[in-house]
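Residue strings, one per chain:
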Amino acid sequence: MSSEPADPEFRPHRVVVLALDGLLPFELGIPHRIFGRPKDARGRHLYEVVTCSARPPGPVQTDADFAVQIENGPEALATADTVIVPASYELGPVFEEGVLTDDLAIALALIRPGTRIASICNGVFVLAAAGYLDGRPATTHWAETDHLQRLFPKIDVDPNVLFIDDGDILTSAGVAAGIDLCLHMVRRDHGSAVANEIARRTVVPPHRDGGQAQYIQRPLPEPQLATTTGARAWALGRLHEPIQLRDMAAQESMSVRTFTRRFREEVGVSPGQWLTQQRVERARHLLESTDLSVDQVSQESGFGTAQSMRQHLQTVLGVTPTAYRRTFRAGAPTGEKVSSQNQQVNSWTQKVSS
């Protein structure tokens, strides 16, 4: 038994996952894998993950040849700090007509005002049918975005992004984008150091920007073609130095034009956008985990000046470097809710320009 006194004010953030018939087992497991791992410095779980059904407890059929036994009914939704709706292949009138079933309508009515709500893949149709997305931006799997837009014309559907964070409502594209979304929420809640550790344990990239394109023309380059992998590794090793596009192209013995085209095909964003993303991530890590001054962080992350870094963090995160450090400083009380600075981070939605 621990001799350390309990903290009566500490309560893990409760994530409730709504399991619907026809669910994809992989997507059902994503929230448990990502949110079930983070702990604070005292070893306490930062999240509690609960799965519930829209019906009384019992079996829920998956899209595979097995069902899953769900131990909680819809009343669990009333206890949630975050609700996540994974994809289902049996949404029926929700997907076909944009109308909630009676069970779903009763279940969703239990969610408290102010609860954060997220969807993975076509789980967005549940949010849309409930009216959560009217007048808001949203995304889903690229194969369903046209249907989502036709069925719900009040939604600003973006088919070209991995996920969208609109503050208290978040939506993502399919399958792996659900991992990106959940890691983004952990990063939003507790900073990049915690999210990166979960990514390492899950053996996935620590950060794919929400604005990255869903559908990349050539996800795996043809064997006979050179890739831009070496140039990216070269750039990551010298983010603190000035890096020109021609220097990156030279690493792969390509012309700038060919390199730029190949880079976008492989990564989904331009080399300049990718470099800025990596430098922002580097700055975030240094602000969270070191005592370097803002000027030193700007130099180490390759922004050159504090003013340049401040402008980029304001654009991407909506906060200053000092405010970000104060919010996500390693060792800060994990139960402490961030005020206006975190709210600004929460409302970030970054789009990739064409």
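Residues numbered from 1 in each chain as written. Predicted model: local features only at pLDDT ≥ 70, side-chain atom pairs only at ≥ 80, totals over all residues. Heavy atoms only, no water.

1. A word on the side chain of Arg 188
Quick note on the threshold: Put simply, DSSP marks the helices as runs of H or I at least four residues long and the strands as runs of E at least two long, and each gets a number from the N terminus on. Exposed residues in this analysis have more than 50% of their type's maximum accessible area, buried residues have under 20%, and partly exposed residues fall in between, with area computed by a 1.4 Å probe over protein chains only. Distance and chemistry together define a polar contact, namely a pair of N or O atoms within 3.5 Å, with one atom able to donate a hydrogen and the other to accept it when in protein, and with adjacent residues in sequence counting only for side-chain atoms on both sides.
By the secondary structure assignment, Arg 188 is in helix H6 (residues 176–190). Overall, the relative accessible area of 5% leaves Arg 188 in the buried class. In this structure the side chain of Arg 188 is engaged in a polar contact, spanning 3.0 Å, whose partner is the side chain of Asp 165.

2. Thoughts on helix H8 (residues 229–236)
To keep things clear, this is the line we draw: Think of the arc as the fan of directions from the helix axis to the C-beta atoms. Whether two residues touch is decided by their heavy atoms; if any such pair falls within 4.5 Å, the residues are in contact.
Every buried residue belonging to H8 is among Ala 231, Arg 232 and Ala 235, and all of these are buried. In a view along the axis of H8, the buried residues occupy a sector of 100°, so they form one face of it. Buried-residue contacts for H8 involve helix H9 (245–251), helix H10 (256–267) and helix H11 (271–289).

3. As for the pattern of salt bridges
How we decide: For this analysis, a salt bridge means a side-chain nitrogen from Lys or Arg found within 4 Å of a carboxyl oxygen belonging to Asp or Glu.
In total, this model carries 16 salt bridges according to the counting rule given. A salt bridge links Arg 136 to Asp 168, with the nearest nitrogen and oxygen atoms 2.9 Å apart. Separated by 32 residues along the polypeptide, Arg 136 in the loop between helix H4 (124–129) and strand E7 (137–138) and Asp 168 in the loop between strand E9 (163–165) and strand E10 (169–172) bring together distant segments of the chain. Note that Glu 265 is salt-bridged to Arg 262, the shortest N-O span being 3.8 Å.

4. Topic: the nonpolar core
For clarity, the cut-off: Among the buried residues, those of types Ala, Val, Leu, Ile, Met, Phe, Trp, Tyr and Cys that are joined through side-chain atoms within 4.5 Å form a nonpolar core.
Ranked by internal contacts, the top residues of the largest apolar core, which has 33 residues, are Ile 34, Phe 35, Ile 84, Cys 182 and Met 185. Among the elements of the structure, strand E1 (13–19), helix H1 (25–35), strand E4 (67–70), H6 and helix H7 (192–202) are those that each provide at least two residues to this core. Among the elements that make up this core, the one with the highest residue count is H6 (seven residues). Phe 35 has contacts with Val 15, Tyr 47, Val 49, Ile 84, Cys 182, Met 185 and Val 186, leaving out every residue within four places of it along the chain. Counting 32 residues, the second-largest nonpolar core is a separate cluster that includes Val 16, Ala 76, Val 83 and Leu 104.

5. So, the packing of H10 against H11
Definition in use: In this description, a line fitted to the C-alpha atoms serves as the axis of each element, helices being fitted only across the stretch in contact, and the angle between N-to-C directions of two axes falls anywhere from 0 to 180 degrees. An angle counts as roughly parallel when it lies under 35 degrees, as roughly antiparallel when it exceeds 145, as roughly perpendicular when it falls between 65 and 115, and as oblique in every other case. Each residue gets one label: Ala, Val, Leu, Ile, Met, Phe, Trp, Tyr, Cys and Pro are nonpolar, Asp, Glu, Lys and Arg are charged, and the others, such as Gly, are polar.
For the pair H10 and H11, interaxial distance at closest approach is 9 Å and the crossing angle is 55°. Looking at the two axes, H10 sits oblique to H11. Note on element contacts: H11 touches H10 through Pro 271, Gln 273 and Trp 274, opposite Phe 259, Thr 260, Phe 263, Arg 264 and Val 267. For the contact of H10 with H11, the residue count by class is five nonpolar, two polar and one charged.

Function cannot be inferred from these measures alone, as they are strictly geometric.
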